[in-house]
Amino acid sequence: MTPTTVFFFVVFGLIALAFGIISVVFFYHIGRYSYMGDASKRIFLIYLTFGITIVAATLVFIILNHILT
Amino acid sequence: MLSIKFQHIPQPVFPNQRNDEKIYVFSRRHVVDYFFYIAILSFLFVLPLVIVPFIAVGVIQVGPFDLVYARDLYALIVGAYYLFLAVVFLASWINYYYNIIIVTDERVVDIYQVGLFSREINELVYEQIEDVSCKIKGILNTLFHAGDIEIQTAGSERNFVIKRVPHPHLTVEIILELAAQAKRGVDLGERVPDLETIGVINSQLVGRGWKGLPVMNLEKNLKATTQRFARLTSRPEKLREKIDCWWRDHCYTMHATFGESGRYEKENGKLKEPLKKPTEDEKADDKMVDL
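What you see is a predicted model, and the numbers here were worked out from it, not measured in a lab.

Visitor: Can you help me understand the environment of S34 of chain A in this one?
Guide: Residue and element names in this part refer to chain A. Topologically, S34 is positioned in the loop between α1 (3-33) and α2 (40-68). Take S34: there are 17 C-beta atoms within 10 Å of it, and that puts it in the partly exposed class. When sequence neighbours within four positions are dropped, the list of residues in contact with S34 reads S40 and K41.

Shown next, in the form of structure tokens:
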């Protein structure tokens, strides 16, 4: 693993961490202000699933890129 | 060992709601208000897919820069871009969804969400209301029955302007009717709009002949949610109990609104705890509302 690859992983890790922290803030906000029977939790679940998919897909792409070349 | 305890905490529908306060209108801002964001976010979502070929050509032409790292960089930028887009989506959605107007037998409550961390809750009792008007402007508002409501207040109180309310005409009629009753001196528990449509709950009209409709829909949704959660969790009993508590509270509130307290108890015998029995005052209220 070259230093450039490590650099990419670290940068993306920081981005994913920032996303995680913002998600925690959203989670608190929705938990605090949502009303019974509203769509907040469902929308948050969709948001989180999308985010995790993006993070996983990006990591898989970077790893595959190095393995295949 | 970590254990999670589910505790039943009775929740009012909105903050500072009285126990016997009847809700006639509970409306979020109309979805028309979110159309602009949907259009912008959709465009931004497809943008990287459209410009991929151009970036690919650019990367090849870079020459000395290693193609492997160029691909990594591209994946990193696109990944970060979509994460940012997801954050923008949820923030804008919260900004739209948490604007609520609530009309009860006592007051009008306007919950106004400004961004993510700023929230205003304004209340107005009927005695302060001078006049209520609605304004429907533009094609989208006309097509989708959305409009702004302005409530003029007496004295030095500032006017209320509530944006993009669904069914604004009906909401105005209900507010005017309740305000008129308040000014005639009708007691709190006896105020019921003397109209064909007595309420707007989550954009659904509640008429005299079909007073149970929103409750029935909620029941269906909550049953489906209960079953789905029960399949997903390893401790279905605890979770089911919690969801039953939610349902019981909500059902009680909704039925108190429409005068059918105790219906859930009769139809569903699975509750471990008995339904909260209404007091004599609440029973009297229910009789008055039962149309």
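That covers the picture; the talk isn't over yet.
Visitor: Can you help me understand unusual backbone geometry in this one?
Guide: Leaving glycine aside, a negative phi is the common case for residues, and trans is the common case for peptide bonds. Residue and element names in this part refer to chain B. Although it is not a glycine, R164 adopts a positive phi angle of roughly 45°. Its location among the elements puts R164 in strand β7 (residues 160-166). What makes R164 buried here is the crowd of 23 C-beta atoms within 10 Å. In the Ramachandran plot, H167 falls in the positive-phi region, its phi being about 50° despite a non-glycine side chain. The topology assignment puts H167 in the loop between β7 and α4 (168-184).

Visitor: What should I look at first to understand the interface of chain A and chain B in this one?
Guide: The figure often quoted for interface size is the accessible area lost as the parts come together. Taken together, the contacts link 26 residues of chain A with 25 residues of chain B. For the side of chain A that touches chain B, the elements supplying multiple residues, two or more each, are α1 and α2 of chain A. Per element, the largest residue contribution to the side of chain A that touches chain B is 12 residues, and it comes from α2 of chain A. By residue class, the composition of the side of chain A that touches chain B is 17 nonpolar, 9 polar and no charged.

Visitor: Is there a simple way to think about the nonpolar core in this case?
Guide: Generally speaking, nonpolar side chains in soluble globular proteins are found buried as a group. Residue and element names in this part refer to chain B. Counting 49 residues, the largest nonpolar core has V25, I101, I102, V103, I174 and L178 as the members making the most contacts within it. With 9 residues, the top contributor of residues to this core is helix α2 (residues 67-97). With residues near it in sequence (within four places) discarded, I101 still touches V25, S27, D110, I162 and V165.

Visitor: In this structure, what is going on with the pairing of strand β6 (residues 146-153) of chain B? I would like to understand it.
Guide: If a strand is regular, its side chains alternate between the two faces of the sheet. Residue and element names in this part refer to chain B. The pairing of strand β5 (residues 129-135) with β6 spans 6 bridges and is antiparallel. Note that in β6 the partner of K135 across the bridge is D148. Looking at chain direction, β6 and β7 are connected through 5 bridges and run antiparallel. Across the sheet, residue I149 finds its bridge partner in β7, namely I162. Remark: 6 residues form the turn of the hairpin made by β6 and β7, two consecutive strands paired antiparallel; G155 in that turn has positive phi of roughly 70°.

Visitor: Would you mind showing me how to read the confidence of the model for chain B here?
Guide: Caution is warranted with low-pLDDT regions, since their predicted coordinates should not be read in detail. Within chain B, residue pLDDT values average 71, and 61% of them lie at 70 or more. Here residues 249-275 of chain B is a poorly scored stretch, pLDDT under 50, and it has 42 contacts once near neighbours within four places are set aside; other chains count.

Visitor: Quick question: what am I supposed to make of α2 of chain B here?
Guide: In an α-helix there are 3.6 residues to a turn, and that puts residues three or four apart on one side. Along its 31 residues, α2 of chain B runs 44 Å from first to last C-alpha, staying within 8% of the 45 Å computed at 1.5 Å per residue. For α2 of chain B, the complete set of buried residues consists of D72, A75, G79, A80, Y82, L83, A86, L90, W93, I94 and Y97 of chain B. For α2 of chain B, the elements touching its buried residues are α1 and α2 of chain A together with β1 (23-28) and β3 (107-114) of chain B.

Visitor: Even after reading the chapter, I still don't get the sheet that holds β6 of chain B, so can you show me in this structure?
Guide: Sheets are built from strands that pair by backbone hydrogen bonding, the pairs being arranged parallel or antiparallel. Residue and element names in this part refer to chain B. Taken in spatial order, the 3 strands line up as β5-β6-β7 in an open sheet, and their pairing is antiparallel. Among the strands making up the open sheet, the edge pair consists of β5 and β7. Neighbour-to-neighbour, the strand axes of the sheet open up by a mean angle of 20°, direction not taken into account. Taken strand by strand, α4 contacts β5, β6 and β7, and its axis lies near 170° from that of β5.

The rules we used
- Residues numbered from 1 in each chain as written.
- Chains lettered and ligands numbered in written order.
- Predicted model: local features only at pLDDT ≥ 70, side-chain atom pairs only at ≥ 80, totals over all residues.
- Helix = DSSP H or I, 4+ residues; strand = E, 2+ residues; numbered from the N terminus.
- Buried ≥ 20, exposed ≤ 12 C-beta atoms within 10 Å, placed from the backbone.
- Contact = placed C-beta atoms within 7 Å.
- Nonpolar A, V, L, I, M, F, W, Y, C, P; charged D, E, K, R; others polar.
- Core = buried A, V, L, I, M, F, W, Y, C linked by C-beta atoms within 7 Å.
- Pairing = 2+ DSSP bridges.
- pLDDT = per-residue confidence, 0-100.
- Expected span 1.5 Å × (residues − 1).
- Axes fitted to C-alpha atoms, helices over the stretch in contact; angles between N-to-C directions.

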